[in-house]
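Chain residues, written in single-letter form:
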Amino acid sequence: DRRPLTQVVPGADPAARQLCFEWGPAEVLVCETLFGRRGGVPSPGPALTGSVVTGGGEGGPGSSRVFVVRRDQDIYIQTLRKLFNESHGIFIGLQRSEEEFTGKSRKAQLVQVSKNYRSVIRACMEDMHQAAVTTRDPALHSQYSTQVSILSAMELIWNLCEILFVEAAAAGPLLLRLLDWVRLHVCDVDNMVHEVLSSENPSKHKLFWNAVDVFVLQGRMDEARHLLSKEASANPTSVSTYKILDDLMKKMPVPNLGNTQTLTELELKWQHWHEECQRYLQDGTFASNSHMESICKILLGDENAILEKKELMTTWYHFLVTRLLYSHPTVKPMELRFYAQACMDLFLGEESSPEPLDTILMAAFEFELHQVIKECSIALSNWWFVAHLTDLLDHCKLLQSHNLYFGSNMREFLILEYASGLFSHHSLWQLGVDYFDHCPEYGRVYLELHIERIPLNTEQKALKVLRICEQRQMHEQVRSICKIMAMKALRNNRLGSALSWSIRAKDAAFATLISDRFLKDYCERGCFSDLDLIDNLGPSMLLSDRLTFLGKYREFHRLYGEKRFSEAAKLLLMLMTAHIAPCSFWMTLLTDALPLLEQKEVIFSAEQTYELMRCLEDLTAGKSDKQKFQDDDVETMKVEMLRLALARNLARVIVKEGTLEGS
Amino acid sequence: QDNRLSVWSVGELGNGGPGGEYPGEPQLLCDIRHDGDVMDMQFLDQEKIVVASSTGSVTVFRHHQNNQTLSANQRWEKAHYHVDRDSFCGGAACTGVICNNPEIVTVGEDGRINLFRADQKDAVRTIDNADSSTLHAVTFLRTTEILTVNSIGQLKIWDFRQQRNEPSQIFSLTGDRVPLHCVDRHPNQQHIVATGGQDGMLSIWDIRQGTMPVSLLNAHEAEMWEVHFHPSNPDHLFTCSEDGSLWHWDTSTDISEKPSFLHQGGRSTTYFSHNTINQSVVSAWLSNDPTKDRMEITNLIPNQTLSVNSLDILGPCLVYGTDGEAIYVNRQLFA
């Protein structure tokens, strides 16, 4: 295992100030403390592959600065967003495709998924390339170019994994797939060939034989023969040798995809053909033309002859495939490892040591899946690649479900890491949700923790987060988010919004809070604010007692305004006797009853008047002597007035009720 | 955050644009940085676009077609704000904008309604605290009247000719006061209004009568973000939702001519029985007798994943955008 990379946090000077740090979900906060350096070994931020983003505050002697060190920089690269979004769609499609298919059709389905992933990588590569070409900023240009090569390497590795693991090509087709793989990733050929063909005298072009050689090395016999024919027509003396070579190339047996021949048949044919080539070489047929002779040697799989064309092949894996083509076309998957190691050693020789890419490919040839994943995780700066590849391989049932010592399996671990990275992005977090959904063990917990930390700067964003929580029955989070939004609304004096959030969370306590605010406003101002809200509460009124009271109280005012006094009176009384009104409000209610008592017409019946008196007595009895002493004159006067009004009303109503009608 | 306003071309630009793209793919013509999220936008005229921002400002951008650039033409900063206009974080998101050249009406999370005029620096009229909850969307009812929907399930009509700051009419949903997110008016018959709610319900209102919706149609499984009548073919209605679907509601009466087994991807649902004769008088949207009307509903998105946030239609062309950072264009809607 290699030591992780250290990242310097620019601006943070451990020699000047003692630094402290704190881990966050996807970032590290490094800040300068008040203490100066007193010696000792400084240890700024831990090893990370990200870079510093901001430093806040002035740099004066007294103030401290805070650095936010982000772990994953890649998610902020604009052109990679397409990769994340498209691959999300493919990932979801894969998870949703249940095993309706089995066997061959399932395999075909998985190969298609793999191809989809690869085409997304390629599309992204092209966009990145476009960006690199059109940008004028040299720093950006180099960043884009680096990204292009990283993406290209990713596609190379993925393609190999697709051949070896997903498709699990058997001996025969295996070689064809490997040939396609090599042809796809060595691009210089086409340019070179184009240059040769478009020249006046192709066969005299200095790159002519290079082009022919490359075609042969890649097993592209038809194209090689086509080029050779140009030589033959330009150089009549070599026609006879050309004819023999052409014939050999035409007759070369290759594995084919249909099952029209068995491996043994192929091997026999190939053996015959090999011997024929051998004879021609030994007869000295090609002695006159060194180029053709070397081609014949290549056809015979002569290691040295092939190695001579090192520059044309550029990579050891090209060398490997060429060697296999011309010496063991029926190679079995499990045999690859021996050839691979040998070829890499031969190709690289003494001077160079394998690069990370080489190690990864070698691990693939050795069918060491876990090694491949591990190496990729170390080499790449972002979890995207390993997360998706591992998930696909898991669907191919290739990963043993051995548990890592912290409980989940490798697939889940990688997806959790990837998705957590997404959550630190202000917009890509939505993709992360679906990834967490498909992690059976820890996905939900991770989601619960992350979803509460998404900054909610608009209501629309809050609604989206809430919908996600509700769909997954995450009631705690729903309540918590609604409370935050309701509190914000309340602070901004948006009482209607606050109520709307409490209704969504079915939060009775908050609804009570809001109603109290309304009532307080009413007491202070003498009128209701936001009548449109209170008049239209509808069934949500029942959410909290206080809210119900508010609605009913407003109804009382409305009834009074419409001069429906008896109904208003009944309602008022009911509010007190049914204990819907809070005790603190009873005085106000009784005061509201005053105008009704003073009406010309008697409104309250005797029963009702007795009730009112009882309420008043309950209210005043509840106060201790001390409180009564502290009550100012207004209070005592109110009580007196009420008592008087009640008494008068009682008198009138007794008379009225006692009087017979019509007499 | 790097938010941008972009202009794309989806017309037949000849075989492939500068990058050799497929002739069908939308091409980016120009874009410009935008401060805050783009909450809503609309064309003011051929060249100008009005954009509502989550920072509370409203900007008019100009699209210069000769050199394909965008520039900010006019801006009303802090058109929407909470409590104290000048405080640092006082901005409130502007949630909806509607234009009727030269007038622009905006609404926001601060419950405020602004009436602007293009090229006038200050608002022509502002109704503070028009609503105690968030106003989610606005549309013109007549030249001097607008419709707004809010987060306590109310549809309000405001008349700018009146000086008082009260709505001239208030409509509410029956039952729970589910927040309403979008509103649109029938292009020809101005009394028909459609709204979409947080529970995905589509409500059709007749504002001449009653204070409750005429019909409630159970549509999506999550918030309905936008509803649009087709401007030239108003028997067709389109809705998009957080659940990732986009529905095409078709009440046109020539359904008998369409073979019933041809559907555009996804599921189509209810078929009611059919009566063609008297349809011309009463709009199909208002008839709430299920035995008399036939409505065909189609989901236009086969593999739905993330939310469809916005849509627009013109002629045979439908455009919609999703949370998967993708824009989809369907140029043969009625094929």
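Reading the values: rules and limits
- Numbering of residues starts from 1 in every chain and runs along the sequence as written.
- Starting at A for chains and at 1 for ligands, labels are handed out in the order in which the entities are written.
- Per-residue local features of the predicted model are confined to residues with pLDDT of at least 70, and side-chain atom pairs are confined, for both listing and counting, to 80 or more; whole-chain, interface and lining totals are unaffected and use all residues.
- Only hydrogens and water are removed before side-chain values are computed, so all heavy atoms of the structure are retained for them.
- Two residues qualify as a contact provided that any one of their heavy atoms is within 4.5 Å of a heavy atom in the partner residue.
- When two parts are put together, the accessible area they lose, computed with a 1.4 Å probe and summed over both, is reported as buried area.
- Any carboxyl oxygen of Asp or Glu within 4 Å of a side-chain nitrogen of Lys or Arg constitutes a salt bridge here.
- Where each domain begins and ends follows an automated or database-derived domain assignment.
- UniProt positions are given in the numbering used here, feature names are shortened, and annotations may be inferred rather than shown by experiment.
- Strands are runs of DSSP state E lasting at least two residues, helices are runs of H or I lasting at least four, and both sets are numbered from the N terminus onward.
- Between buried and exposed lies partly exposed: a residue is buried under 20% and exposed over 50% of the maximum accessible area for its type, with that area taken using a 1.4 Å probe on protein chains only.
- Under the counting rule used here, the positive set is Lys and Arg, the negative set is Asp and Glu, and His together with the chain ends is not counted.
- For this analysis, a polar contact is any N or O atom pair within 3.5 Å, provided that within protein one partner can donate a hydrogen and the other can accept it, and provided that sequence-adjacent residues contribute only side-chain to side-chain pairs.
- The axes used here are C-alpha line fits, helices contributing only the stretch in contact, and every angle between their N-to-C directions lies in the interval 0 to 180 degrees.
- By definition in this entry, angles of less than 35 degrees are roughly parallel, angles greater than 145 are roughly antiparallel, angles of 65 to 115 are roughly perpendicular, and the rest are oblique.
- Two helices crossing with the near one rotated counterclockwise from the far one by less than a right angle form a left-handed crossing, whereas a clockwise rotation gives a right-handed crossing.
- Polar here means any residue outside two lists: the nonpolar Ala, Val, Leu, Ile, Met, Phe, Trp, Tyr, Cys and Pro, and the charged Asp, Glu, Lys and Arg; Gly therefore counts as polar.
- Values of pLDDT, which run from 0 to 100, indicate the predictor's confidence residue by residue.
- The criterion for an aromatic pair is that two Phe, Tyr or Trp rings (for Trp, the six-membered ring) have centres within 6.5 Å, with stacked assigned to planes under 30 degrees apart, edge-to-face to planes over 60 apart and tilted to the rest.
- By definition here, charges over rings are those cases where NZ of Lys or CZ of Arg is within 6 Å of the ring centre and within 35 degrees of the ring normal.
- Two strands qualify as a pair provided that DSSP identifies no fewer than 2 bridges between them.
- Residues grouped as a nonpolar core are buried Ala, Val, Leu, Ile, Met, Phe, Trp, Tyr and Cys residues, joined through side-chain atoms within 4.5 Å.
- Candidates for patches are residues over 30% relative accessible area with no salt bridge; among them, like charges are joined within 9 Å and nonpolar side chains (Val, Leu, Ile, Met, Phe, Trp, Tyr) within 5 Å.
- All accessible-area figures derive from a Shrake-Rupley calculation using a 1.4 Å probe, and residue coverage is judged against the displayed protein chains alone.

**Let's talk about the interface of chain A and chain B**
Next, step 1: The partner chain B presents 43 residues to the 35 residues of chain A that form the contact.
Next, step 2: Taken over both partners, the interface formed by chain A and chain B buries close to 3,100 Å², and the fraction arising from carbon and sulfur atoms is 44%.
Next, step 3: Sorting the residues of chain A by area buried against chain B places Arg467(A), Arg494(A) and Asp532(A) first, and these three jointly supply 19% of that buried surface.
Next, step 4: Connecting chain A to chain B are five salt bridges.
Next, step 5: With a closest N to O distance of 2.8 Å, Lys464(A) and Asp323(B) form a salt bridge.

**Topic: the domain arrangement of chain A**
Next, step 1: For chain A, the domain assignment lists domain 1 (181-331), domain 2 (459-562) and domain 3 (581-622 + 633-662).
Next, step 2: Each of domain 1 of chain A and domain 3 of chain A has a C-alpha centre, and the two are 113 Å apart.

**With respect to the UniProt feature "repeat: WD" (unreviewed entry) in chain B**
Next, step 1: Using the residue numbers shown here, the UniProt feature "repeat: WD" (unreviewed entry) corresponds to residues 173-215 and 217-253 of chain B.
Next, step 2: Annotated as residues 173-215 of chain B, this span is 0% helix and 44% strand, and its ends, taken at the C-alpha atoms, are 11 Å apart.

**Regarding the side chain of Arg125(B)**
All names here are of chain B.
Next, step 1: Within the element layout of this structure, Arg125 appears in strand E10 (residues 125-127).
Next, step 2: Although Arg125 is buried, it forms no salt bridge, and the closest oppositely charged side chain is Asp159 at an N-O distance of 7.1 Å.
Next, step 3: Engagement of the side chain of Arg125 in a polar contact is seen with the backbone oxygen of Gln162, the distance being 3.0 Å.
Next, step 4: Here Gln163 takes part through its backbone oxygen, which lies 3.4 Å from a polar atom of the side chain of Arg125.

**Considerations on the packing of helix H27 (residues 565-577) of chain A against helix H28 (residues 586-597) of chain A**
Residues and elements named next belong to chain A.
Next, step 1: The N-to-C vectors of H27 and H28 enclose an angle of 160°; their axes lie 11 Å apart at closest approach. Comparing their axes, H28 and H27 come out roughly antiparallel. The hand of the H27/H28 crossing is left-handed. Here Phe565, Ala569, Leu572, Leu575 and Met576 of H27 come into contact with H28, specifically with Trp586, Leu589, Leu590, Asp592, Ala593 and Leu596.
Next, step 2: Partitioned by chemical class, the residues of the contact of H27 with H28 number ten nonpolar, no polar and one charged.

**Re the confidence of the model for chain B**
All names here are of chain B.
Next, step 1: Predicted confidence across chain B gives a mean pLDDT of 82, with 82% of residues reaching 70 or more.
Next, step 2: Residue range residues 13-22 is modelled with pLDDT below 50. Its contacts to residues more than four positions away, or to other chains, number eight contacts.
Next, step 3: Contacts for the low-pLDDT stretch residues 255-281, under 50 throughout, to residues beyond four places or in other chains number 49 contacts.
Next, step 4: The ipTM, which scores confidence in the relative placement of chains, is 0.86 for this predicted complex, and the corresponding pTM is 0.83.

**Some remarks on helix H15 (residues 356-365) of chain A**
All names here are of chain A.
Next, step 1: The buried fraction of H15 amounts to seven of the ten residues, a majority that puts the element mostly inside the structure.
Next, step 2: Regarding H15, the residues found buried are Asp358, Ile360, Leu361, Met362, Ala363, Ala364 and Phe365.
Next, step 3: Those residues of H15 that are buried are in contact with helix H3 (138-166), helix H4 (173-185), helix H13 (316-327), helix H14 (336-348) and helix H16 (369-379).
Next, step 4: Downstream of H15 by a residue or two, Phe367 has a phi angle that is positive, lying close to 60°.

**Digging into the packing of aromatic side chains**
Next, step 1: Per the stated rule, a full pass over the model turns up 29 aromatic pairs over all chains.
Next, step 2: When the centroid spacing of 5.6 Å and the interplanar angle of 75° are considered together, the rings of Trp158(A) and Phe385(A) count as edge-to-face. Of this pair, Trp158(A) sits in helix H3 while Phe385(A) sits in helix H17 (residues 384-395), and the two are 227 residues apart along the sequence. Comparing Trp158(A) with Phe385(A) shows no difference in burial state: the two are buried.
Next, step 3: Geometry around Tyr81(B) places Arg112(B) over its ring, the cationic atom sitting 4.0 Å from the centre.

**Here we look at the sheet that holds strand E16 (residues 192-197) of chain B**
Residues and elements named next belong to chain B.
Next, step 1: Across the sheet, which stays open at both edges, the four strands sit in the order E15-E16-E17-E18 with antiparallel pairing between neighbours. In this open sheet, the two edge strands, each paired with only one partner strand, are strand E15 (180-185) and strand E18 (215-218). Going from strand to strand, the sheet's axes swing by 20° on average, the running direction of each strand aside.

**Examining the pattern of salt bridges**
Next, step 1: By the definition in use, this model includes 49 salt bridges over all chains.
Next, step 2: Two residues, Asp521(A) and Arg525(A), come together in a salt bridge whose shortest N-O distance is 3.7 Å. In this pair, Asp521(A) and Arg525(A) both sit in helix H24 (residues 508-525), four residues apart, roughly one turn of the helix.
Next, step 3: Accessibility expressed as a relative area gives 14% for Asp521(A), which makes it buried.
Next, step 4: Across the pair Asp131(B) and Lys156(B) runs a salt bridge, and its minimum N-O distance is 3.1 Å. Separated by 25 residues along the polypeptide, Asp131(B) in the loop between E10 and strand E11 (135-142) and Lys156(B) in strand E13 (residues 154-159) bring together distant segments of the chain.
Next, step 5: Salt bridges sharing partners connect three or more residues here, namely Lys115(A), Arg118(A), Arg122(A), Glu155(A) and Glu162(A).

**What to know about the environment of Phe518(A)**
All names here are of chain A.
Next, step 1: With respect to the helices and strands, the residue Phe518 is situated in helix H24.
Next, step 2: Here Phe518 falls in the buried class, since its relative accessible area comes to 2%.
Next, step 3: Once the C-alpha coordinates of Phe518 and Phe528 are considered, the two residues, ten residues apart in sequence, prove to be 7.2 Å apart.
Next, step 4: With near-sequence residues (within four places) excluded, Phe518 lies in contact with Leu495, Ser529, Asp530, Leu533, Ile534 and Leu550.

**Some thoughts on the nonpolar core**
Next, step 1: If you look at the biggest cluster of nonpolar residues, it comprises 212 residues, and the most contacted ones within it are Trp181(A), Trp316(A), Phe365(A), Trp384(A), Tyr553(A), Leu589(A) and Leu246(B).
Next, step 2: Examining the composition of this core, we find that 13 residues originate from one element, H3(A), more than from any other.
Next, step 3: Listed in part, the 16 residues of the second largest apolar core include Ile192(B), Ala194(B), Leu202(B) and Ile297(B).

**Thoughts on the pairing of E15(B)**
Residues and elements named next belong to chain B.
Next, step 1: Judged by how many residues are buried, E15 sits mostly within the fold: six of six residues are covered.
Next, step 2: Examined bridge by bridge, E15 and E16 share five bridges and lie antiparallel to one another. Opposite Val183, over in E16, you have Thr195 as the bridge partner.
Next, step 3: Taking the residues between adjacent antiparallel strands as the criterion, E15 and E16 are bridged by six residues.

**Looking at a nonpolar patch on the surface**
Residues and elements named next belong to chain B.
Next, step 1: A cluster of nonpolar side chains, contributed by Trp8, Leu28, Val319 and Ile327, occupies part of the molecular surface with about 340 Å² of accessible area.
Next, step 2: With respect to the helices and strands, Leu28 occurs in strand E2 (residues 27-34).
Next, step 3: Judged by relative accessible area, Leu28 falls into the partly exposed class, the value being 44%.

**Observations concerning the confidence of the model for chain A**
Residues and elements named next belong to chain A.
Next, step 1: Overall, the predicted model of chain A reaches an average pLDDT of 83, with 89% of residues at or above 70.
Next, step 2: Within chain A, no element has a lower average pLDDT than strand E3 (residues 51-55), which sits at 38, and none a higher one than helix H19 (residues 429-437), at 94.
Next, step 3: Note on residues 38-61: pLDDT is under 50 here. Beyond four places in sequence and across chains, it has 49 contacts.

**Notes on the pairing of strand E22 (residues 296-299) of chain B**
Along any regular strand, the residues point their side chains to alternate faces of the sheet.
All names here are of chain B.
Next, step 1: The side-chain alternation of E22 yields two buried faces, one formed by Glu296 and Thr298 and the other by Ile297 and Asn299.
Next, step 2: Pairing of strand E21 (residues 246-250) with E22, which is carried by four bridges, proceeds in the antiparallel orientation. Each residue of the ladder has a partner; that of His248, found in E22, is Thr298.

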